[in-house]
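# Overview (structure and organization)
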Amino acid sequence: MSLEDGDVQVEGEYHILEEDGARIFLPKVFKRYSMAEYQQVLKKLLSEADYKLNLAQLDQKRSLAGNLYIYFDEESRSTCSVSTPPFMPLSKEDAKQLLGYMRIGNERKLSFDEEYTKVAAKYSGIPENYTFKSVYRIYNNKTKLEYFTSLYIVTRNNKTVMYHLLTGVPVYFDPFVNKIEL
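Our subject in this report is the structure included herewith. (Residues numbered from 1 in each chain as written. Predicted model: local features only at pLDDT ≥ 70, side-chain atom pairs only at ≥ 80, totals over all residues. Heavy atoms only, no water.)

## Let's talk about the sheet that holds strand β8 (residues 145-156)
Spatial strand order, β3-β4-β5-β9-β8-β7-β6: seven strands in an open sheet with antiparallel pairing. The strands lining the two open edges of the sheet, one partner per strand, are β3 (31-33) and β6 (114-126). In this sheet, neighbouring strand axes are inclined to one another by 20° on average, regardless of whether the strands run parallel or antiparallel. In this sheet, β8 lies alongside strand β7 (residues 129-140) in antiparallel orientation, the contact comprising eleven bridges. Residue pairing in the sheet places I138 in a bridge with Y147 of β8. The sheet contacts of helix α1 (residues 35-45) involve β3, β4 (67-73) and β5 (78-84), and relative to β4 the element is tilted by about 45°. (Pairing = 2+ DSSP bridges. Helix = DSSP H or I, 4+ residues; strand = E, 2+ residues; numbered from the N terminus. Axes fitted to C-alpha atoms, helices over the stretch in contact; angles between N-to-C directions. Contact = heavy atoms within 4.5 Å.)

In C-alpha cells form, the structure reads like this:
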C-alpha cells in the first residue's frame, strides 16, 4: 500500500520483529536497543524531569498488549518505537476519531510553553488493510526547540504494527513504513 511515494528510493535495512512474524524497514542509522540500554541513553541525554516523563511513557507503552521494540539513532537522537498490538481494523471514520483523541491527549501533556501543530494526517486503505499516519510539530517557546512526533499504524494479514517516531526535524518516513512485511 502506498502513501503516494512515487518512485522514492530509500536506503535502509530490515529488522525482524521475532515475536510477531513481521519485518520492518528502517534507515541504517537506527539500531535496536533493549529497554535497559535505552533507559541509559535517556538518562544521559535528558534532564531528570524529562527522563522521568519518558520513563512513564515507556512504561505505558510496555503495559499495552503486544510487544515493544525500540530503535535509536545516536547521531540525530531520533527514536522509533515499534509496537505490535492485537489486530485492530480501523475505518476512515475510526481514524478521524483517533486523530481527535490524539489532539486532546497531546494538548493535555503540553506545558504552557509549548505549541502543538498538526503537520499531516492520512488514512489509506480499508479497515482490514490500511495505513494511518499522523505527524505533529511541538515547539517550546521557552527553549526555542522543536521536535516532531509521528505515528503510523499499519494493518494487514490480520496483524497490526504501530510506529512512533520522535525526531528533531521533519522527516518523510512513509517509504520506510510502506516496506513493512506482515
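Past the structure itself, the notes keep going.
## Some points on the pairing of β5
It is a general feature of regular strands that their side chains alternate between the two faces of the sheet. When you tally the buried positions in β5, you get six out of seven residues, the bulk of the element. Where β4 lies against β5, seven bridges are found, and the strand directions are antiparallel. Looking at the pairing, Y69 lines up with V82 of β5. Linking β4 to β5, which pair antiparallel, is a turn of four residues; within it R77 sits at a positive phi near 60°. As paired strands, β5 and strand β9 (residues 159-167) are joined by five bridges and run antiparallel to one another. Paired with S83 across the strands is M162, a residue of β9. (Buried < 20%, exposed > 50% of the residue type's maximum accessible area, 1.4 Å probe, protein only.)

## Some remarks on the pairing of β6
Where β6 lies against β7, twelve bridges are found, and the strand directions are antiparallel. Following the sheet pairing, Y116 is matched in β7 by I138. Count of turn residues in the β6/β7 antiparallel hairpin: two residues.

## As for unusual backbone geometry
One non-glycine residue, R77, adopts positive backbone phi at about 60°. Relative to the assigned elements, R77 resides in the loop between β4 and β5. Positive phi, normally seen in glycine, also occurs at K144, with a value near 65°. Mapped onto the elements of the fold, K144 is located in the loop between β7 and β8.

## Digging into the environment of L151
Here L151 is to be found in strand β8. Look at L151 and you get buried, because its relative accessible area is 14%. As for L151 and H164, which are separated by 13 residues in sequence, their C-alpha atoms are 4.7 Å apart. Excluding its chain neighbours within four sequence positions, the residues that come into contact with L151 are M102, F132, K133, S134, M162 and Y163.

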